[in-house]
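# Reading the structure
Single-letter residue listing:
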Amino acid sequence: MQNNIKFNLRFMNKKRVILNLKNGNLKRGFTVNLQIFDESPLPLAEISGKLPPAFKILKEYSGWQSVYCQICRDYNQNQIKNVSIDDFVSKSENLGRSFKKWISSNKFRPIQDKILEKLGNDDEIQIIIQTDYELVRRMPWHLWTLLENYPKAEIAFSFTNFERVSKSLQPKDKVRILAIFGTRPHMQTGIPIDSDVDRRLLESLPDVEIEFMEEPKRIEINDKLRDEKGWNILFFAGHGGSQTSGYKGCIYINETEFLTVKGLNFSLKKAIDNGLKIAIFNCCNGLGLAEDLAKLHIPQVIVMREVVPDRVAQEFLKYFLQAFSQGKSLYLAVRESRERLHENLEYPFLKEDFFPCASWLPVICQNLAEEPPTWQSLRGINSEINSHPLYGTATTEITLPTSNSPNTNEGSIEQQQQTGSVDEASPEQLFNNIKITMLGASGSGKTSYMVSMYSAMQTGVNGFTLTAKDMDVDLKLTALWEKLVDVKGADRWPQSTYTGVKNYAFELNYGFHPIMGFEWLDYGGDAMSDRSTEQDVQKLVEHTLKSSCLFLCISGEHLSKKADWTTVRQIQSNRMSLFIQKIGDQLKPTIKQPFPVAIIITKYDLCNHRFKRGIIEDVKQIFQPFFTPDSSWLTMICPVSLGKTLVKDTEYSTIEPVNVHLPIIFAIYSVLRNHGWQLNQFKESDSFIKCFNSTAIQNQPKRFQNLESEINEIQSKIKLLAQELEKVSIFLAGKEVEIDI
């Protein structure tokens, strides 16, 4: 029987930074008021400053926009003939430099310093520019050097008038999306729109109910917006314009009609009352639409700042929906999407070198009285997240078993208390039965990784060291390491383990005090080959069911380019998946009781020329079952290397290990974290009070009187380990998460 304990997944500290630009314009400058919020409705800090006049930016933006619009016209005709790309890139760089100089002025420096003082590098940060001055919203705020210090920050805009709208929310099992596709060829320019791409992207989302409207009539849109079931997301793809009928934005819905927000005014209010949270307008000149929608107090709008080519809009939508539906916050999903527009590798012709400033276009407009929703909250899933309505730290508790074996004969804590055998759950017994199983194809570098990991952990990480229980094993691993470092040529590398299994017994120490013993099972490469029999696989399954963590090694040489079907064959992930399926069938892990898996990308130097995010996406595709929304695996993706220069010369380059300690840290962290929560849960339970008066406890007063001390000691140790795990990507149920004590 499994003992349930709690494992805390910290989604990250949330901060909201509001910059109110008032009493000015780019010709006169602005008075700026800064407020920073954390978990409290009261400001964490507040300070005032100024932004000086910016005549140069006005002139440079006007010149930049004129050339940009011409590039878009040429791009839509599949040729760049009227504009020099080099000239446009130069104009973009000049505008960017002038903007960064403007927000680095001495009068604005106190505000920037206060932000740096109050925010942490790991905080998720909403930076909201509150202004009614349109040209400020057209500036490239994402170039602010401040964002380089905060990888989880994103810029948004808000208007000075806002309020929260009371809503009659209807419970929904799925995210309801109303998708409107406007006229395909523009009624004036004839430029086409390929809405089929957007349709396929929307249909691929998990847990959605979508209604599509192709070139609808105005009355049809009004009727659909009033649906009593309510909509979560309103999506429009098509052509847009500005300065029409006194309203700043309009959309072209069919060959004869265009719509302003005024034409949808009452229907949109009804949709907002019924729970509409997000409006996405994948069309040109969206800032005018956003300003009109803000008057209706819609919670969030995502638009394009300028004219946008159809393909760029499609790529943004793809990246945004992927990130948002997999659990990223709305702000982080937009930032990730912008960055991927900038570094796009799948479609090189969309790189900003070929379509400059694509990542300048997407922007969030935020109602300051509303909290940005998550994909889960749109479905009405609370996930037991405790947070301030606007700014708070979000945590959720996930249940993990102390043992992953379904055949364990151990009784529950309460049963052990009744029989006087509480000592059976002691940390000594728990920690001496920990097993790690490592798998990988022949040549994946498992042995070299093992040797370098042992060497790194002998030196120590945050006070933790690793030693082999058998002195002969220590001598063998040390000799292999010294050979790797000192010998030059092909002989420096250990031979691959083609058959059988190697069993290592290690002891983890903190300082000079042993705190954990565990076994490490290294299976030969042919365990994953097609030659392995059903009996071999079943035996391997039985071993893994007794493990606390599974390591899967794949070689970086097979990820040097975008993965395809040959990659699956080369790394034998199909065999791994078959094996993992058999584990899942018997173990039956759940979201509340996931099984920890580390996917180790060995020889990462061979694929380091690629963007890390692209490699991670490939790994997620290769091992899809680990990353589905209903996945019950806690999965870490960890790149490791024995040296950055090995890609140039494997025989003579210097050995300089990178990240080799992180997988073992992940495994150790999980075990320590589980045990710490088990003790804490037991301490807070009613059964502890009953147990404390029992004969079993009276015979072991020292053990339970020191319970508080033991919990504190474990928490302090795992906090040290958690710092190391900030370097890697960890996923649960298709979402990337942060783990914390």
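Residues numbered from 1 in each chain as written. Predicted model: local features only at pLDDT ≥ 70, side-chain atom pairs only at ≥ 80, totals over all residues. Heavy atoms only, no water.

### Notes on the overall build of the protein
Summing up its helical and strand segments, the protein has 25 helices and 25 strands in all. The buried share among the 741 residues of the protein stands at 56%. For the protein, the share of sequence-separated contacts (at least 6 apart) that also reach a separation of at least 24 residues comes to 75%. Only carbon and sulfur atoms are counted for the fraction: they give 48% of the accessible area of the protein, which is about 31,700 Å². (Helix = DSSP H or I, 4+ residues; strand = E, 2+ residues; numbered from the N terminus. Buried < 20%, exposed > 50% of the residue type's maximum accessible area, 1.4 Å probe, protein only. Contact = heavy atoms within 4.5 Å. Areas by Shrake-Rupley, 256 points an atom, 1.4 Å probe, with all protein chains shown as cover.)

### A closer look at the pairing of strand S24 (residues 729-732)
The side-chain alternation of S24 yields two buried faces, one formed by Ser729 and Phe731 and the other by Ile730 and Leu732. Both strand S23 (residues 633-639) and S24 contribute to a ladder of four bridges, which runs antiparallel. Counterpart to Met636 in the pairing with S24 is Ile730. (Pairing = 2+ DSSP bridges.)

### So, the sheet that holds strand S5 (residues 124-130)
Strand order in the open sheet formed by 11 strands is S4-S3-S2-S5-S6-S15-S14-S13-S9-S7-S8, with mixed pairing between adjacent strands. The outermost strands of the open sheet, each flanked by one partner alone, are strand S4 (45-51) and strand S8 (208-214). On average, adjacent strands in this sheet sit at an angle of 20° to one another, irrespective of strand direction. The pairing of strand S3 (residues 29-37) with S4 spans seven bridges and is antiparallel. Across the sheet, Gln35 pairs through a bridge with Glu46, a residue of S4. Along the sheet, helix H6 (residues 195-203) contacts strand S7 (175-181), S8, strand S9 (233-237) and strand S13 (278-282); its crossing angle with S8, the most-contacted strand, is approximately 165°. (Axes fitted to C-alpha atoms, helices over the stretch in contact; angles between N-to-C directions.)

### Description of helix H10 (residues 310-325)
Under the 1.5 Å per step criterion, the end-to-end length of H10 is 22 Å for 16 residues, consistent within 8% with the ideal 22 Å. Most of H10 is tucked away: 14 of the 16 residues are buried. (Expected span 1.5 Å × (residues − 1).)

### Quick notes on the pattern of salt bridges
This model, assessed by the stated rule, comprises 25 salt bridges. As a salt-bridge pair, Asp123 and Lys15 come within 2.9 Å of each other at their nearest N and O atoms. Taken together, the positions of Asp123 in the loop between helix H3 (109-118) and S5 and Lys15 in strand S2 (residues 14-25) put the pair 108 residues apart, joining distant regions of the chain. Exposure remark for Asp123: the relative accessible area of 6% places this residue in the buried category. Since its relative accessible area comes to 12%, Lys15 is described here as buried. Linking Glu306 and Arg138 is a salt bridge whose minimum nitrogen-to-oxygen distance equals 3.4 Å. (Salt bridge = Lys/Arg side-chain N within 4 Å of Asp/Glu carboxyl O.)

### Brief notes about the nonpolar core
Nonpolar side chains tend to gather and get buried jointly when the protein is soluble and globular. Formed by 113 residues in total, the largest nonpolar core has its most connected members in Trp102, Ile127, Trp141, Trp144, Phe281 and Phe320. For this core, the element with the most residues is H10, which contributes eight residues. The contacts of Trp144, once residues within four sequence positions are left out, are Leu19, Ile103, Phe108, Gln112, Ile115, Ile127 and Ile155. Grouped together as the second largest cluster of nonpolar side chains are 52 residues, Met438, Met516, Val660 and Leu732 included. (Core = buried A, V, L, I, M, F, W, Y, C linked by side-chain atoms within 4.5 Å.)

### Concerning the packing of aromatic side chains
Following the criterion strictly, the structure yields 28 aromatic pairs and no others. On the basis of an interplanar angle of 15° and a centroid distance of 5.3 Å, the ring pair of Trp64 and Trp360 is categorised as stacked. Of this pair, Trp64 sits in helix H1 (residues 55-76) while Trp360 sits in the loop between helix H11 (330-343) and strand S15 (362-366), and the two are 296 residues apart along the sequence. Considered together, Trp64 and Trp360 belong to a single accessibility category, that of buried residues. Look at Phe324 and Trp375: their rings are 5.8 Å apart centre to centre, the planes differ by 85°, and that puts the pair in the edge-to-face class. Of the two residues, Phe324 is situated in helix H10 and Trp375 in helix H12 (residues 375-378); the sequence distance between them amounts to 51 residues. (Phe/Tyr/Trp six-rings, centres within 6.5 Å; stacked < 30°, edge-to-face > 60°.)

### Things to note about the environment of Lys262
Within the fold, Lys262 resides in the loop between strand S12 (258-260) and helix H8 (265-273). Along the sequence, Lys262 and Asp292 sit 30 residues apart, while their C-alpha atoms lie 8.1 Å from each other.

### Considering helix H15 (residues 446-459)
The end-to-end C-alpha separation of H15 is 20 Å, in line with the 20 Å expected for 14 residues at 1.5 Å each. Where H15 terminates, the next one or two residues include Gly460, which has phi positive at roughly 115°.

### Remarks on the packing of H15 against helix H16 (residues 471-486)
Remark: H15 packs on H16, axes separated minimally by 9 Å, with the N-to-C direction vectors making an angle of 105°. For the element pair H15 / H16, the angle class is roughly perpendicular. Residues Val451, Ser452, Tyr454, Ser455 and Gln458 of H15 lie in contact with H16, whose contacting residues are Asp474, Leu477, Thr478, Leu480, Trp481 and Leu484. Residue composition of the contact of H15 with H16, grouped by class: six nonpolar, four polar and one charged. (Parallel < 35°, antiparallel > 145°, perpendicular 65-115°, else oblique. Nonpolar A, V, L, I, M, F, W, Y, C, P; charged D, E, K, R; others polar.)

### A few points about the packing of H6 against H10
Between H6 and H10, the shortest axis-to-axis distance is 10 Å and the interhelical angle comes to 0°. Relative to H10, the element H6 is oriented roughly parallel. Contacts between H6 and H10 involve Val197, Asp198, Leu201 and Leu202 from the former and Gln314, Leu317, Lys318 and Leu321 from the latter.

### So, unusual backbone geometry
A positive phi angle, near 50°, is found at Lys603, a position not held by glycine. Along the polypeptide, Lys603 turns up in the loop between strand S22 (595-602) and helix H20 (612-622). Overall, the relative accessible area of 28% leaves Lys603 in the partly exposed class. With phi around 70°, Asn659 is a residue other than glycine that occupies positive phi space. Mapping Asn659 onto the fold places it in the loop between S23 and helix H21 (662-684).

### Details of the environment of Ile47
Mapped onto the elements of the fold, Ile47 is located in strand S4. Counting along the chain gives 64 residues from Ile47 to Ile111, while the straight-line C-alpha distance between them is 6.8 Å. Setting aside anything within four residues of it in sequence, one finds Ile47 in contact with Val32, Asn33, Leu34, Pro110, Ile111 and Lys114.

### So, the side chain of Ser105
Checked against the element boundaries, Ser105 lands in the loop between helix H2 (85-102) and H3. Among the polar contacts listed, one links the side chain of Ser105 to the backbone oxygen of Trp102, at a separation of 3.2 Å. What Ser105 contacts, discounting residues up to four positions off in sequence, is Lys50, Leu51 and Pro52. (Polar contact = N/O pair within 3.5 Å; in protein donor to acceptor, adjacent residues only side chain to side chain.)

### With respect to the confidence of the model for the protein
Keep in mind that low pLDDT regions are not for reading the predicted coordinates in detail. For the protein, per-residue confidence averages 77 on the pLDDT scale, and 74% of positions sit at 70 or higher. Confidence drops under pLDDT 50 across residues 1-12; counting only partners more than four residues distant or on other chains, this segment forms 77 contacts. Scored below 50 in pLDDT, residues 382-431 makes 134 contacts in the model with residues more than four places away or belonging to other chains. (pLDDT = per-residue confidence, 0-100.)

### Overview of a positive patch on the surface
A contiguous patch of positive charge, built from Lys56, Arg97, Lys100 and Lys101, is present on the exposed surface. No other element matches H2, which puts three residues into the positive patch. Secondary-structure assignment places Lys56 in helix H1. (Patch = residues over 30% accessible without salt bridge, like charges linked within 9 Å, V, L, I, M, F, W, Y side chains within 5 Å. Lys, Arg positive; Asp, Glu negative; His and termini not counted. Charge placed at Lys NZ, Arg CZ, Asp CG, Glu CD.)

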